[in-house]
Amino acid sequence: MRARTLALIVAVVAGIATTGPAVADRAVQRGLTLSADVAQIAVTPVPCAKQGFELRFGNTGRTAVYADAFLDAPAPLTLSRRLVSSYLPPGYTLKVQIAVNAPRGTAPGKYSITVKAGDQTLTLPVEVGVAPVDTTGNLARYVPVTASSEHLPNYPACGAVDGDRDSEHWGKTTGWNDSTRGNFPDWLQVTFDQPQTVGRVDLYTLNSKQYPAANYGLKDWDVQALVNGSWQTVTQVRNNTAPLTTSTFPPLTATAIRILTLSSNEGLTYSRIVELEVYQ
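The notes below deal with the structure included here. (Residues numbered from 1 in each chain as written. Predicted model: local features only at pLDDT ≥ 70, side-chain atom pairs only at ≥ 80, totals over all residues. Heavy atoms only, no water.)

Concerning the environment of Asp119
Relative to the helices and strands, Asp119 is located in the loop between strand S8 (109-117) and strand S9 (120-128). On the basis of relative accessibility, which here comes to 34%, the residue Asp119 falls in the partly exposed class. For the pair Asp119 and Arg30, spaced 89 residues apart in the sequence, the C-alpha separation amounts to 6.1 Å. Once residues lying within four places of it in the same chain are set aside, the contact partners of Asp119 are Val28, Gln29 and Arg30. At 3.3 Å, the side chain of Asp119 forms a polar contact with the side chain of Gln120. (Helix = DSSP H or I, 4+ residues; strand = E, 2+ residues; numbered from the N terminus. Buried < 20%, exposed > 50% of the residue type's maximum accessible area, 1.4 Å probe, protein only. Contact = heavy atoms within 4.5 Å. Polar contact = N/O pair within 3.5 Å; in protein donor to acceptor, adjacent residues only side chain to side chain.)

Set out below in structure tokens:
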């Protein structure tokens, strides 16, 4: 017993670990910098809003480093990225766009986003405003929109419900295009916050000087409504060559409207919708 006790005392005095291997503390990285291109972020609580900030993540040290920046935001705010991890040469500043969004119903007020990297902390104030209200009767504005696929970054589903009907803006600021060339059907869907009475759907397909509807627009599609949890085809469009098609049907109560695209005037290529509008 005395021999075991003496051995333990010697091990402690000599700095020998008796319970496992020693683990060195990871040094806090220094010389990193954090900044943003704005002093405050304005957020509108609607789907598809283009808002956020440019994170500037730099290295002022003399040697290159691998570094991480951790981003945090309080619920219900959402960030497009929670981690930025990069190799940073000496004197280099990485610029990363961070989208900041809030769902409909988010209480207006002041929030904040925190970014941490090494020994640096950046706090960005966020001002959430009042959600806009559509005054035209278009039920597809300011509600969530999804699609079977998106040809990103220029043709997101959001481009078909942004209020812009101008095909000359196609691929620049508006319009949805799927990403599965030659594979039909595709679909574009808007989902309401609560059940809505629906009886009319307006669909603007691609029709610019360069890409006329008769050659590039949607040719065949079904209009479907989600009623009591089941999809119902309420009307069909066939052999379309017009830039705008208005479909009317007996009013019904639905929680979502979906355009099921079946073919294009270009042939086996893509589904193209400039704007989708839904009315009572």
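On we go.
What about the sheet that holds strand S7 (residues 93-101)?
Reading across from one edge, S1-S3-S7-S5 is the order of the four strands in this open sheet, with antiparallel pairing throughout. Every other strand in the sheet has two partners, leaving strand S1 (32-36) and strand S5 (78-79) as the edge strands with one partner each. Here seven bridges tie strand S3 (residues 52-59) to S7, and the two strands are oriented antiparallel to one another. Looking at the pairing, Leu55 lines up with Val96 of S7. (Pairing = 2+ DSSP bridges.)

Considerations on the state of the cysteines
In this structure the tally under the stated criterion is one disulfide. A sulfur-sulfur distance of 2.0 Å marks the disulfide that ties Cys48 to Cys158. Here Cys48 and Cys158 share a disulfide; its torsion about the S-S bond, -75 degrees, makes the bridge left-handed. With a gap of 110 residues between them, Cys48 in the loop between strand S2 (41-43) and S3 and Cys158 in the loop between strand S10 (145-147) and strand S11 (176-177) connect regions that are remote in the sequence. We classify Cys48 as partly exposed; its relative accessible area is 29%. The exposure class of Cys158 is partly exposed, given its relative accessible area of 25%. (Disulfide = S-S within 2.5 Å.)

A look at unusual backbone geometry
The linkage connecting Leu152 with the following residue, Pro153, adopts the cis geometry, with an omega of 10 degrees. Assignment of secondary structure puts Pro153 in the loop between S10 and S11. For the bond running from Phe184 to Pro185, omega is 5 degrees, close enough to zero to count as cis. Counting through the fold element by element, Pro185 comes out in the loop between S11 and strand S12 (186-205). One non-glycine residue with positive phi stands out, namely Asn228, at about 50 degrees. Within the secondary structure, Asn228 sits in the loop between strand S13 (218-227) and strand S14 (230-237). Take Asn228: its relative accessible area is 78%, and that puts it in the exposed class.

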